Amino acid sequence: MPRHEEISDNDDILAGFEDDSQSQEPSSSASGGLVPSGDQLPERIYLLPIHNRPFFPAQVQPLVINKQRWAETMQLVGNTPHHAVGLAFVGDVEVDELGVEHFPEIGSAVRVHKPEDGDDQVQFIAQGLRRFRITRWLSRKPPYLVEVTYPREPVDAESDEARAYAMAMINGIKELLPINPLYGEELKQYLNRFSPHEPGPLTDFAAAITSAKGAELQEVLESLPVMERMQKVLPLLRKEIEVAQLQTEISQQVNAQMEKHQREFFLREQLKVIQRELGISKDDRENDVDTFRGRLDELKVPERVQSRIDDELDKLSVLETGSPEYGTTRNYLDWLTSLPWGITSTDQLNLAHARTVLNRDHDGLDDVKSRIVEFLAEGTFKGDVGGSILLLVGPPGVGKTSIGRSIAQALGREFYRFSIGGMRDESEIKGHRRTYVGAMPGKLVQALKEVKVENPVIMLDEIDKLGQSFQGDPASALLEVLDPEQNVDFLDHYLDVRLDLSKVLFVCTANTLDSIPGPLLDRMEQIRLSGYIAEEKMAIAKHHLWPKLLTRDNIPKKRINLSDAALRQVIEGYAREAGVRQLEKQLHRIVRKAAVKLLEEELPTVKVSVKNLEEFLGAPIFRREKVLAGEGVVTGLAWTSMGGATLPIEATRVHGLTRGLKLTGKLGDVMQESANIAYSYTLANLEAYDAEADFFNESFIHLHVPEGATPKDGPSAGVTMTTALMSLAKHQAPRKGLAMTGELTLTGQVLPVGGIREKVIAARRSDIYELILPQANQRDYDELPEYLKEGMIVHFAARYADLSRVVFDSDSAQRH
């Protein structure tokens, strides 16, 4: 922008300008004959900034300005004889940041008509007069005052090109008028005053009616040669026509769709009225009532429930369909009539069929299968197996959920499963009352509606992970569901009628019993799934996991060859958990990487063997660990929610400066108590076991349970800790290849512990085949399947002296 001459602010200049009569009538050469006769354009003029778009000389338009900011300027303009003001486009510049440098060189001089004051704004009609060019700033702050000239607008109106452009603009404007309703009849009359012989005002008018951006229109305003201006405006006008045509097409499409929908709506309403008048149709309320009554024809609804349904149907028949209560009542009846009242499926109490289904779906778990067959045999004599609650307890991945599904298939019943792990709201079990917005029945009612029979198998998964909150205790709510004496009349809060759940066979699953409330646990019959040994995992992988993975990915069995040796290595080196979930993940990795080889290397078959197994799975996660042995080192057996595990315990004499015992290994309170009991028993009975009598008098002992980051608790390591301490005092290492478990008392009695099956499996997994168990657990060991006991040497100890004779090969120990 060119620099303008400036003078310093002077209030005298503004005051003297109000009486300045040095306004000039521009000559025809300067004005181009565009200012009507008698119009005087002043040499000095006040400025007003405009922000949206520039003002053109051909425009007559109302303007609104901020009164607080520009009231003084408007007052000074009103005191001038010509009532003219300059309008300059400043774009998006904020008023507070506005300075002289933001004003363009060229603007439009307008005459102010009919100014009206409002509360915070001034409105007036601006009549465009001429372009002006700022030559000198007289005031650099509001009210802005400048000296201006009125430049020529060169034009050859008689040239063929100018006439062609003018005619194109007139035709374009006329084409735009019928498309856009914003341009009214007055605009048509206004357009008739222009002619091709006056292209300047015509071009300005055409630019003013477009929706171009302010910067583009300012370029048009600053283009003084009319031909140059026409070349810029005509594309803007054509673009405006295209946009208006597109808007018209969109409006027509929308109107057509609305007219179609309105027509269909009116016709549909008329059809309803005609059908009702002729008695051949019913309204929505009658249709709903008939639908609900039709459902009841196929059900055997108890009398008390039928009475409630009849009352609700009578209420529904008198309610208006648009009322909120109508929707609430309709939803209530929909639930009541969707339940399978009196509908049951026939049980297949065939033991041979049950064994076939269980063996087909599961390898191993022979004791669990036998327990389920016994359960079904009992139901054969009773006539049904309803009302029973089975609890499958075991580590993750051992097949608890799939066994529940197999039970349903063996019985020929519908199966429904939902997880209640983390459930904190008892309304999930017993439903919400109908008074609440969005109320729904509980999960059990939803299950019955979905399975459409009264005697399905319903699996409550993860029952040991129930939560509690201020919203209620869902574990307590389950008491009514699982108690055979109460679930005959189960009350759902939403339905508010009694349901008979005694025919439902509930199967629950849990990883551990510790977190299940006692009253709830008392109502369930426990079946333990302890996990699998390597041979069982081999069978499961070959018969179930591997075929399922190949079938799921649609890969022919012969394309991927997994050897038995490689499969065993996967089990022992990558998936040692009690279940088979990790094993399935590792096999899936093999399938994925083999699929890549089949595609990229175009191999007919991919062979997976022990030699190349690491190409598919990487280095083994588990390596064959040497069982710790030596003086003060003993292998114990532990049980966790993830299954059984071996637990080495180490004891050593740190120094002889003082007497004491230090415990490490993140031991729980109960396990710390067991360690203290072991320490006390050992000190009290050193002589009886031929140990050094004063060994602990000047010995600081450190007892550690490895894997210190893993929390450990429980009393079953009592005998193991005692043996580690006794080994130090006797200066004799325990026998190799021996593991033990049992709780020890201060008097030397060995008490029974839990998880015998899991502990035996853990010992076999670590290649330990000689165990010492409490005498009271002999019955638990005898009940184990033969394949678990095969090759095992088990000693039973009632007192620690029995255990000591085995561990230290000593016959001199007395009974204590």
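In the block above lies the structure referred to throughout.
These notes cover the structure that comes with them. Source: prediction; values computed, not measured. (Residues numbered from 1 in each chain as written. Predicted model: local features only at pLDDT ≥ 70, side-chain atom pairs only at ≥ 80, totals over all residues. Heavy atoms only, no water.)

Here's the deal with empty space enclosed by the protein
Stage number 1. Overall, the coordinates contain four cavities of 30 Å³ or more when judged by the stated rule.
Stage number 2. For the largest cavity, the calculated volume is near 40 Å³.
Stage number 3. Taken together, Leu339, Pro340, Trp341, Leu448, Glu454, Leu499 and Asp500 make up the lining of the largest cavity.
Stage number 4. Along the lines of polarity and charge, the residues of the lining of the largest cavity split into five nonpolar, no polar and two charged. (1 Å grid on protein atoms, 1.4 Å probe; cavity = no way out; pocket = protein on both sides within 12 Å on 5 of 7 lines; lining within 4 Å. Points joined across faces, edges and corners; volume = space filled by probe spheres on them. Nonpolar A, V, L, I, M, F, W, Y, C, P; charged D, E, K, R; others polar.)

Here's the deal with the pairing of strand S21 (residues 660–664)
Stage number 1. As defined by bridge partners, S21 adjoins strand S22 (residues 700–704) across five bridges and the pair is classed as parallel. Of the residues in S22, the one forming a bridge with Gly660 is Phe700.
Stage number 2. This β-α-β element, S21 to helix H23 (residues 669–684) to S22, shows left-handed connectivity. (Pairing = 2+ DSSP bridges. Helix = DSSP H or I, 4+ residues; strand = E, 2+ residues; numbered from the N terminus. Right-handed = clockwise from strand over helix to strand, strands pointing away.)

Some remarks on unusual backbone geometry
Stage number 1. Residue Pro143 is reached from Pro142 by a cis peptide bond, and omega for that bond is -5°.
Stage number 2. Structurally, Pro143 can be placed in the loop between strand S8 (121–139) and strand S9 (144–149).
Stage number 3. Even without being a glycine, His83 presents a positive backbone phi close to 50°.
Stage number 4. Residue position: His83 is located in the loop between helix H3 (67–78) and strand S6 (84–89).
Stage number 5. Its relative accessible area of 33% is what places His83 among the partly exposed residues.
Stage number 6. Phi angles above zero are rare outside glycine, and Asp690 is one such case at about 55°. (Buried < 20%, exposed > 50% of the residue type's maximum accessible area, 1.4 Å probe, protein only.)

A word on the side chain of Ser139
Stage number 1. Looking at the element boundaries, Ser139 is found in strand S8.
Stage number 2. Within the structure, Ser139 has its side chain in polar contact with the backbone oxygen of Pro143 (distance 3.1 Å). (Polar contact = N/O pair within 3.5 Å; in protein donor to acceptor, adjacent residues only side chain to side chain.)

Concerning the packing of aromatic side chains
Stage number 1. In total, this model carries 13 aromatic pairs according to the counting rule given.
Stage number 2. Seen from their ring centres, Trp70 and Tyr144 are 6.1 Å apart, and the 40° between their planes marks the pair as tilted. One end of the pair, Trp70, is in helix H3; the other, Tyr144, is in strand S9, with 74 residues separating them in the sequence. The pair formed by Trp70 and Tyr144 is uniform in burial state, with each residue classed as buried.
Stage number 3. Arranged with centres 5.0 Å apart and planes meeting at 85°, the rings of Phe695 and Phe696 form a pair that is edge-to-face.
Stage number 4. Grouping aromatic residues by their ring pairs yields a cluster made of Trp70, Phe103, Trp137 and Tyr144.
Stage number 5. The positively charged end of Arg69 is found above the aromatic ring belonging to Trp70, 5.6 Å away from the centroid.
Stage number 6. Its guanidinium or amino end placed over the ring of Tyr332, Arg434 lies 3.7 Å from that ring's centre, counting from NZ or CZ. (Phe/Tyr/Trp six-rings, centres within 6.5 Å; stacked < 30°, edge-to-face > 60°. Lys NZ or Arg CZ within 6 Å of the ring centre and 35° of its normal.)

Concerning a negative patch on the surface
Stage number 1. Together, Asp92, Glu94, Asp96 and Glu97 make up a region of like negative charge exposed at the surface.
Stage number 2. By the element assignment, Glu97 lies in the loop between S6 and strand S7 (106–117).
Stage number 3. Overall, Glu97 belongs to the exposed group, its relative accessible area being 57%. (Patch = residues over 30% accessible without salt bridge, like charges linked within 9 Å, V, L, I, M, F, W, Y side chains within 5 Å. Areas by Shrake-Rupley, 256 points an atom, 1.4 Å probe, with all protein chains shown as cover. Salt bridge = Lys/Arg side-chain N within 4 Å of Asp/Glu carboxyl O. Lys, Arg positive; Asp, Glu negative; His and termini not counted. Charge placed at Lys NZ, Arg CZ, Asp CG, Glu CD.)

Some remarks on the sheet that holds strand S16 (residues 525–528)
Stage number 1. Taken together, the five strands give an open sheet; going across it, the order is S11-S12-S15-S10-S16, and neighbouring strands pair in parallel fashion. Strands with a single pairing partner mark the edges of an open sheet, and in this sheet they are strand S11 (415–419) and S16. Pairwise comparison of adjacent strand axes, ignoring direction, gives a mean angle of 20° for this sheet.
Stage number 2. As judged from the four bridges shared by strand S12 (residues 457–461) and strand S15 (residues 505–510), these two strands associate in the parallel manner. Bridge pairing in S15 places Leu460 opposite Cys508. (Axes fitted to C-alpha atoms, helices over the stretch in contact; angles between N-to-C directions.)

A word on the packing of helix H20 (residues 564–574) against helix H21 (residues 581–600)
Stage number 1. One can describe the packing of H20 onto H21 by two numbers: an axis separation of 10 Å at closest approach and a directional angle of 125°. By the angle class used here, H20 and H21 are oblique. Of the two possible hands of crossing, H20 and H21 adopt the one that is right-handed. In this structure, H20 uses Leu567, Val570, Ile571 and Tyr574 to contact H21, whose residues at the interface are Gln582, Leu583, Gln586, Leu587 and Ile590.
Stage number 2. Within the contact of H20 with H21, the residues separate by chemical class into seven nonpolar, two polar and no charged. (Parallel < 35°, antiparallel > 145°, perpendicular 65-115°, else oblique. Left-handed = near helix turned anticlockwise from the far one by under 90°. Contact = heavy atoms within 4.5 Å.)

Re the pairing of strand S10 (residues 389–393)
In summary, the side chains of a regular strand alternate between the two faces of the sheet.
Stage number 1. The buried fraction of S10 amounts to five of the five residues, a majority that puts the element mostly inside the structure.
Stage number 2. Where burial is concerned, the two faces of S10 agree: the one with Ile389, Leu391 and Val393 and the one with Leu390 and Leu392 are both buried.
Stage number 3. The pairing of S10 with S15 spans five bridges and is classified as parallel. Looking across to S15, one finds that Leu391 is bridged to Cys508.
Stage number 4. Direction of pairing for S10 relative to S16: parallel, over a ladder of four bridges. Considered in S16, the bridge of Leu391 is made with Gln526.

A word on the packing of helix H12 (residues 351–361) against helix H14 (residues 400–411)
Stage number 1. As a packed pair, H12 and H14 sit with axes 9 Å apart at the nearest point and diverge in direction by 150°. Relative to H14, the element H12 lies roughly antiparallel. Between H12 and H14 the crossing geometry is right-handed. Contacts between H12 and H14 involve His353, Ala354, Val357, Leu358, Arg360 and Asp361 from the former and Ser406, Gln409 and Ala410 from the latter.
Stage number 2. Among the residues forming the contact of H12 with H14, the class breakdown is four nonpolar, three polar and two charged.

Some remarks on the nonpolar core
Stage number 1. Leu391, Ile463, Leu482, Leu495, Leu520 and Met524 are the most contacted members of the largest nonpolar core, which totals 57 residues.
Stage number 2. By residue number, the principal contributor to this core is helix H17 (residues 474–482), which donates six residues.
Stage number 3. The contact partners of Leu482, leaving out residues within four places of it in the chain, are Ile389, Leu460, Ile463, Asn487, Phe506, Cys508, Leu520, Arg523 and Met524.
Stage number 4. One finds Val368, Leu411, Ile560 and Leu598 within the second-largest nonpolar core, a separate group that totals 53 residues. (Core = buried A, V, L, I, M, F, W, Y, C linked by side-chain atoms within 4.5 Å.)

Any functional reading would require information that these geometric values do not contain.
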